[in-house]
Amino acid sequence: KNCSDKMIQNIKEFEVNFWDLSNSVRLILNKEFNTKLFDNCNIELKELARLLNVSYPFIVHLRRNIYSIPVGITLRLSNLSKISLEEVQNNIVSIGTRAGTSINVKFPIKENEKIASLIGHVFGDGYVGRTKKQFEYSNNNQQLIKEVKSQIYELFGVLPYTENQNRIGYPVIIGEILDSFGAPIAPKIYSENLVPEWILKSEKYKIAFLKAFFDDDGSVMLSNNYRAKGL
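Every chain's residues receive numbers from 1 upward, in the order its sequence appears when written. The predicted origin of the model limits local features to residues at a pLDDT of at least 70 and limits the giving and counting of side-chain atom pairs to 80 or more, whereas totals for whole chains, interfaces and linings rest on all residues. With hydrogens and water stripped out, all remaining heavy atoms of the structure feed into the side-chain values.

A few points about the environment of Lys132
Next up, step 1: Where helices and strands are cited, they refer to DSSP runs of H or I of at least four residues and of E of at least two residues respectively, numbered from the N terminus. By the secondary structure assignment, Lys132 is in the loop between β6 (126-128) and β7 (135-138).
Next up, step 2: Type-normalised accessible area, obtained with a 1.4 Å probe on protein chains alone, sets the label of each residue: buried when under 20%, exposed when over 50%, and partly exposed for intermediate values. What makes Lys132 exposed here is its relative accessible area of 59%.
Next up, step 3: Once the C-alpha coordinates of Lys132 and Val172 are considered, the two residues, 40 residues apart in sequence, prove to be 6.4 Å apart.

Right, here's the structure in full:
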C-alpha cells in the first residue's frame, strides 16, 4: 500500500498551459514584455508581418498592445525572439477570444476538484459548443445552477454573460479551458471523449465528477415490491 501511495504521489499533475488552447484564444500581455517579444525578433515589422502572414497595420497594432495576440502568432513570436513559452506565460495579463469576454487567470491551470465537478456537469446537463466552444449549463434545480456559477467564479472570476431561470451561459474562453481538461464537445452523443485520465487517477476527483454527473443525469432505482436496485 505504501509503495502504491508513493506511485500515486509521483504521477505528474495534469495542467493546462496557454499553448494547449486553440488559436481562437487571444492573449493580452504585459505592455513592456509585449514590446520586448516583438523587438527581440530583430526583424523589421514589414518582414515580420510577411513571415506571420498578417498585414503590416495588424502587426503594428499587436506590437503596440492595442490588439490581443492569437495563440498561434504568440508561439511563432516566442520561437523567433528566443523567449521561452514559460516566460511568455508568466507575462499574460488576460485571455479571451476575438468577440468574447476576457478573463484573468494564472497559468498553468492545475487539476482540482472544482474542475472535475465542472467536467461532470458538462457530461450531464452542460454544453460546450463544437464551433465556438461556448459553455452553457441548464438545470431546473436552482441549487445546481448556483453550484456551477460559484465554481466558475472561484476558478476564473467571471459571472454568466447570459442567464435566465434555468440556464446560464459563459464566454467562449471558459469552454476552451474545459475542452482542454477533457470535457465532451457537443453533440455529446457523438463525442469520443471518455472520462479524462486525470480524473480517474484520483479518488477525490472521481467523487467530484460522479456527484456532478449524477446530480444532473443519474438516478438510483429502488423497488420494495421487486427488490430491484440499479443505477
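Structure shown, so let's carry the discussion forward.
Some remarks on the nonpolar core
Next up, step 1: Nine residue types can take part in a nonpolar core, namely buried Ala, Val, Leu, Ile, Met, Phe, Trp, Tyr and Cys, and a core is a set of them joined through side-chain atoms within 4.5 Å. Counting residues in each nonpolar core, the largest one holds 59 residues, and the members touching the most others are Ile95, Ile119, Phe135 and Ile174.
Next up, step 2: Among the elements that make up this core, the one with the highest residue count is helix α7 (residues 113-123) (six residues).
Next up, step 3: Contacts are assigned to residue pairs that have any heavy atoms within 4.5 Å of one another. Once residues within four sequence positions are removed from consideration, Ile174 is found in contact with Ile103, Phe135, Ile152, Phe156 and Val158.

A few points about the sheet that holds strand β4 (residues 92-97)
Next up, step 1: Read from one edge to the other, the open sheet built from three strands follows the order β3-β2-β4, with strand pairing classed as antiparallel. Each edge of the open sheet is held by one strand with a lone partner, namely β3 (69-70) and β4.
Next up, step 2: In this scheme, strands are said to pair when DSSP sees at least two bridges between them. Direction of pairing for strand β2 (residues 25-29) relative to β4: antiparallel, over a ladder of five bridges. Opposite Leu29, over in β4, you have Ile92 as the bridge partner.

So, the packing of aromatic side chains
Describing an aromatic ring pair means giving the distance of the ring centres and the angle of the ring planes.
Next up, step 1: When the centres of two rings from Phe, Tyr and Trp lie within 6.5 Å, Trp using its six-membered ring, the rings pair. Their planes under 30 degrees apart give stacked, over 60 give edge-to-face, and anything left gives tilted. Following the criterion strictly, the structure yields 10 aromatic pairs and no others.
Next up, step 2: Site record: aromatic cluster; members linked through ring pairs are Phe14, Phe181, Trp198 and Tyr205.
Next up, step 3: Here, a charge over a ring is recorded when the distance from Lys NZ or Arg CZ to the ring centre is within 6 Å and its angle to the ring normal is within 35 degrees. Lys46 extends its terminal NZ or CZ atom over the ring of Tyr56, reaching a point 5.4 Å from the ring centre.

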